[in-house]
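# What the coordinates show
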Amino acid sequence: MSFRQISVFLENRPGALLEMTETLYTNSIDMRAFSLAETSDFGIARIIVDDVEKTAAILREAGYILSITPVIAVEVPNEPGGLRRTLRTLSEVNVNVEYMYAFVGSNPAVAMMVFRVADIEKAVTALESAGIKEVTL
Amino acid sequence: MERYYQPEIETASPEQIRAWQSERLVSQVRHVYDNVPYYRKKMEDAGLTPDDIHGVDDLHKLPFLSKADLREAYPYGLVAEPLKNCVRIQSTSGTTGKRVVAFYTQSDIDLWEDCCARAITAAGGTDEDVCQVSYGYGLFTGGPGLNGGSHKVGCLTVPTSSGNTERQIMFIRDLSTTILCCTPSYAAYLGESMKEMGLGPDDIPLKAGIFGAEAWSEEMRHDIEKTLGIKAYDIYGLTELSGPGVAFECSAQNGMHINEDHFIAEIIDPNTGEVLPDGVQGELVFTSITKKAFPLLRYRTRDICTLTHEKCPCGRTHVRMSKPRGRTDDMLIIRGVNVFPSQVETVLLNLGYGANYQIIVDRVNHTDTLDVHVEMTPEMFTDNMGEIAQRQKKITEGLRSMLGLTAKVTLVAPKSIVRSEGKAVRVIDNRKI
C-alpha cells in the first residue's frame, strides 16, 4: 500500500515539464502516476514509476534535484461516496492528508488515489483494517 | 615569542605613530605642492595651500585622488622627484584600462622592502629560512617586493618567479624551502599538483606562506594550510602605493596591520566621501607619507573593508584592515542603498546554500527592483511546498537584515545561472539610467 514517489523540482517556465518528460521518454521510463504542484516561480512534479532507483539516478544525472517520498496508493470505487470512505477512515484515526491526486489504471471501475499523509504507518494500518484495497501497479 | 623586523616602529605607542604621521604628512603635502603641478592645481581648486595642513586632523580637507587621475597624469604627471633621482618603475597589468606606472627613488625601494621584511618576519621568517618567491618578477610588484624583503630579513632567497610548477616543487624539496611567497590561487594550484605527484604535506619542508595580490576566502586559507601543511598569511598592497607590504598579517591571522609610519589609512563612504569610524565598512583610502618619487594623497583604492584599532595579541600597534570584501566597482546602488554581491553571498552561505546566485536589478515605475535568483540545492529541496516557501522566506529575511532592502527571491533550477569561464555571472543590471 505504501509506495515511493519521486518529487522533482522544476522551474515554472514554458518547456520545463516537457524537458523532464523528454528525459524519461529517451530512457523508456513509463510514469504510472503523475501530479504537478506549483507556485508562481517553481513547481514540484510528483511521479510514480516501477523502478524508483533507476529513474532517480537518470533524473539526477540529467541535473534534476529530487527527493523520494513515501506515499500511500489505494483503489477507490468509481461511484458516489467512493473517496468519502477512504477519507473517513483516515479522519477517524486522526491522520492529516497533506496532498492527494488521482490516476486511472486498467480497470475503469476503480480510481487510483495517491495520498501523502503525516503518519504513514497509522494510515496504512487503518486503511487495511477497513478493507480498503491497495493498488497493484 | 613574537618577532618583529623593526620592533621600535611596529610596537610604537599610538601617540608616537600619530606624531610621525602628522609630521610626515605636513612635509609630504609641501613636497607635492612644490613639485607636482597636477597636485598644486587640485589643491588650488579646493582652495588649499600647504599652510592649511597642520597634521593628521587636517587630512580630510585634501581632495581625493582616483585611478582616473592616475590615468590622466600618465606617465609623468604625478612624479614628484627629478627623474635623475628615480631608479625604477613598476607597473600594473592594465587589465582594467590604461596601465599605472609607479616611480621609485632608491629610498622608496628601501622603505618598500622594509615593509615586505616586516611581513616575512611576522610570518615567522628569520635568516635561517629559505624563502622562495614565486610571484612574477618584472613589471609586477609581487616578485621584486618580496625578493627585497627576503634579502633584508636575511633569508636564502630563491627567485623562481611564477610558473613552471614542477621546477617550483623540485626547488621546494631540493633546497628545503620553508617560506613560499605567491598568489593564493597559485599556492592552491601547487598543492593540487603535489597531490597528483603523490606528495603530501609531510614530504615538503614548507612552514609558512605569504599570499596576496588577489582576493581569497577563509575557506581557501584552510584548504591551502591543509594541503601544504603550513600557516598561510595574507599580504596586501597595490602598485600605486609601492606594492605588497602596505599591510600584512601577523601570527593572530585576524586582519592585516597597515604600516602606518608609511601610509595613513582612512575608510570613507564611497558615495559621499565622508570619513567613517572603526568597524564601519567603506572604501579604503591611503595617503603615502614617506614616498618621494610617486606620493599619493588620499588615493581611493576602491577596496571595501573595515579598520580596527583594537589591541592585537601579537603586540603590533598599527591599525588592522579586514580582508577586502569587494570592490566599489562591484557595488550596486539600489534604492539609494549600497549593495555588494558578497553580502548576498554571505547570507546564502550562512543559511547553508551554495554560492550560485544571480542579482538582477531593474527599474519599474521609477523604483529599483532587486531580484535574487538562487539555484536549488539537494539539501534545500523537499517534497513539501510549504517548507520550501518557509526556506525561501528565510533568505528574504536574511537579505533584508543584511541589506536593508526587500528582495524578491526566486528559486531556479540547478546550473541554470549562466556561467562564463566557469564563474557564474553574478549581477545583471537592466536599469537604463
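Relevant structure appears above.
Summary of the structure given here. (Residues numbered from 1 in each chain as written. Chains lettered and ligands numbered in written order. Predicted model: local features only at pLDDT ≥ 70, side-chain atom pairs only at ≥ 80, totals over all residues. Heavy atoms only, no water.)

## Quick notes on the overall build of chain B
- For chain B, the count of helices and strands is eleven helices and 23 strands.
- Out of the 433 residues belonging to chain B, those deemed buried represent 55%.
- Partitioning the intrachain contacts of chain B with sequence separation of at least 6 by distance along the chain shows that 64% fall at a separation of at least 24. (Helix = DSSP H or I, 4+ residues; strand = E, 2+ residues; numbered from the N terminus. Buried < 20%, exposed > 50% of the residue type's maximum accessible area, 1.4 Å probe, protein only. Contact = heavy atoms within 4.5 Å.)

## Examining the overall build of chain A
- When you go through chain A residue by residue, the secondary structure sums to four helices and six strands.
- Listed by position from the N terminus, the elements making up chain A come as β-α-β-β-α-β-α-β-β-α.
- Summed over its atoms, the accessible surface of chain A is roughly 7200 Å², and 50% of this surface lies on carbon and sulfur atoms. (Areas by Shrake-Rupley, 256 points an atom, 1.4 Å probe, with all protein chains shown as cover.)

## Some points on the nonpolar core
- If you look at the biggest cluster of nonpolar residues, it comprises 71 residues, and the most contacted ones within it are Leu78, Tyr236, Ile258, Leu284, Phe286, Leu296 and Met321 of chain B.
- When residues in this core are grouped by element, the largest group, eight residues, is from helix α5 (residues 106-122) of chain B.
- In contact with Ile258 of chain B, not counting residues within four places along its chain, are Val246, Ala247, Phe263, Ala265, Phe286, Leu307, His318, Val319 and Met321 of chain B.
- Judged by nonpolar contacts, the second largest core, of 30 residues, contains Phe9 of chain A together with Leu332, Val344 and Phe381 of chain B. (Core = buried A, V, L, I, M, F, W, Y, C linked by side-chain atoms within 4.5 Å.)

## Details of the packing of aromatic side chains
- In total, this model carries nine aromatic pairs over all chains according to the counting rule given.
- With a centroid separation of 6.1 Å and 75 degrees between ring planes, the pair formed by Phe9 of chain A and Phe381 of chain B is classed as edge-to-face. On the criterion of chain membership, the pair formed by Phe9 of chain A in strand β1 (residues 2-11) and Phe381 of chain B in the loop between β19 (367-375) and α11 (385-403) is interchain, its members lying in two chains. Taken individually, Phe9 of chain A and Phe381 of chain B each receive the classification buried, so the pair is uniform in this respect.
- Aromatic pair Tyr104 of chain B and Trp112 of chain B: ring centres 5.2 Å apart, planes at 25 degrees, arrangement stacked. (Phe/Tyr/Trp six-rings, centres within 6.5 Å; stacked < 30°, edge-to-face > 60°.)

## Remarks on the side chain of Thr377 of chain B
- Among the structural elements, Thr377 of chain B can be located in the loop between β19 and α11.
- Residue Thr377 of chain B is classed as buried on the basis of its relative accessible area of 13%.
- Among residues more than four places away in sequence, those in contact with Thr377 of chain B are Ile65 of chain A together with Tyr353 and Gly354 of chain B.

## Points about the sheet that holds strand β6 (residues 208-212) of chain B
Residue and element names in this part refer to chain B.
- One open sheet holds the nine strands; their spatial order is β4-β3-β5-β6-β7-β8-β9-β14-β13, and the pairing between them is mixed. Among the strands making up the open sheet, the edge pair consists of β4 (156-158) and β13 (307-308).
- With respect to the sheet, helix α6 (residues 142-153) is in contact with β3 (130-133), β4, β5 (179-182), β7 (231-238) and β8 (243-249), its orientation differing from that of β3 by roughly 170 degrees. (Pairing = 2+ DSSP bridges. Axes fitted to C-alpha atoms, helices over the stretch in contact; angles between N-to-C directions.)

## Let's talk about the sheet that holds strand β20 (residues 408-412) of chain B
Residue and element names in this part refer to chain B.
- Spatially, β20-β19-β18-β23 is the arrangement adopted by the four strands of the open sheet, whose pairing is mixed. Taken across any chain shown, the strands that pair with only one partner, and hence form the sheet edges, are β20 and β23 (427-429). Each neighbouring strand pair of the sheet contributes to a mean axis angle of 20 degrees, computed without reference to strand direction.
- Pairing between β19 and β20: five bridges, direction parallel. Within β20, the position partnered with Asp371 by the bridge is Lys408.
- Strand contacts of helix α10 (residues 341-350): β18 (357-364), β19 and β23, with the helix running at about 125 degrees to β18, the strand carrying the most contacts.

## Focus: the packing of helix α8 (residues 184-196) of chain B against helix α9 (residues 218-228) of chain B
All names here are of chain B.
- The N-to-C vectors of α8 and α9 enclose an angle of 40 degrees; their axes lie 9 Å apart at closest approach. Read as a crossing pair, α8 and α9 show a hand that is left-handed. Residue-level contacts link Pro184, Ser185, Ala187, Ala188, Gly191, Met194 and Lys195 of α8 to Met220, Ile224, Thr227 and Leu228 of α9. (Left-handed = near helix turned anticlockwise from the far one by under 90°.)

## Concerning the interface of chain A and chain B
- Counting from both sides, the interface comprises 21 residues of chain A and, opposite them, 18 residues of chain B.
- Buried area between chain A and chain B, summed over both chains or domains, comes out near 1300 Å², and the portion from carbon and sulfur atoms is 67%.
- Considering only the side of chain A, the residues that lose the most area to chain B are Phe9, Asp41 and Ile65 of chain A, jointly responsible for 43% of the buried surface there.
- At the boundary of chain A with chain B, the tally comes to one salt bridge.
- The closest approach of N and O atoms between Arg46 of chain A and Asp383 of chain B, which form a salt bridge, is 2.8 Å.
- Counting across the interface, chain A meets chain B through six residue pairs in polar contact (both at pLDDT 80 or more).
- Residue assignment for the side of chain A that touches chain B shows that the elements contributing at least two residues are β1, β2 (31-38), β3 (42-49), β4 (66-77) and β5 (97-104) of chain A.
- For the side of chain A that touches chain B, the leading source of residues is β1 of chain A, giving five residues.
- Of the residues belonging to the side of chain A that touches chain B, the class tally is eight nonpolar, seven polar and six charged. (Buried area = accessible area lost by both parts, 1.4 Å probe. Salt bridge = Lys/Arg side-chain N within 4 Å of Asp/Glu carboxyl O. Polar contact = N/O pair within 3.5 Å; in protein donor to acceptor, adjacent residues only side chain to side chain. Nonpolar A, V, L, I, M, F, W, Y, C, P; charged D, E, K, R; others polar.)

## Quick word on the pairing of β5 of chain A
Residues and elements named next belong to chain A.
- With seven bridges connecting them, β5 and strand β6 (residues 110-117) associate as antiparallel partners. Residue Val97 lies in a different strand from β6, and its bridge partner there is Val117.
- Counting the residues in the hairpin turn of β5 and β6 gives five residues.

## Quick word on the pairing of β3 of chain A
Residue and element names in this part refer to chain A.
- With eight of eight residues buried, β3 lies mostly within the body of the structure.
- Side chains Phe42, Ile44, Arg46 and Ile48 of β3 all project onto a buried face; the interleaved residues Gly43, Ala45, Ile47 and Val49 project onto the opposite face, where all are buried too.
- Bridge count between β1 and β3: six bridges; the pairing is antiparallel. Its bridge partner lying in β3, Ser7 is registered against Arg46.

## Describing the packing of helix α1 (residues 16-26) of chain A against helix α2 (residues 52-61) of chain A
Residues and elements named next belong to chain A.
- Closest axis-to-axis distance for the α1/α2 pair is 10 Å, and the angle between their directions is 125 degrees. Judged by the angle between their axes, α1 and α2 are oblique. The way α1 lies across α2 gives a crossing that is right-handed. Counting all contacts with α1, which are made through Met20, Thr23 and Leu24, the residues of α2 involved are Thr55, Ile58 and Leu59.
- A class-by-class count of the residues in the contact of α1 with α2 yields four nonpolar, two polar and no charged. (Parallel < 35°, antiparallel > 145°, perpendicular 65-115°, else oblique.)

## Focus: helix α3 (residues 37-45) of chain B
Residue and element names in this part refer to chain B.
- Among all positions of α3, only Tyr38, Tyr39, Lys42 and Met43 are buried. End-on, the buried residues of α3 take up no more than an arc of 130 degrees, which puts them together on one face. What points out from α3, more than 90 degrees from its buried face, is the exposed set Pro37, Lys41 and Asp45.
- For α3, the secondary structure elements touched by its buried residues are α2 (14-35) and α4 (67-72). (Arc of directions from axis to C-beta.)

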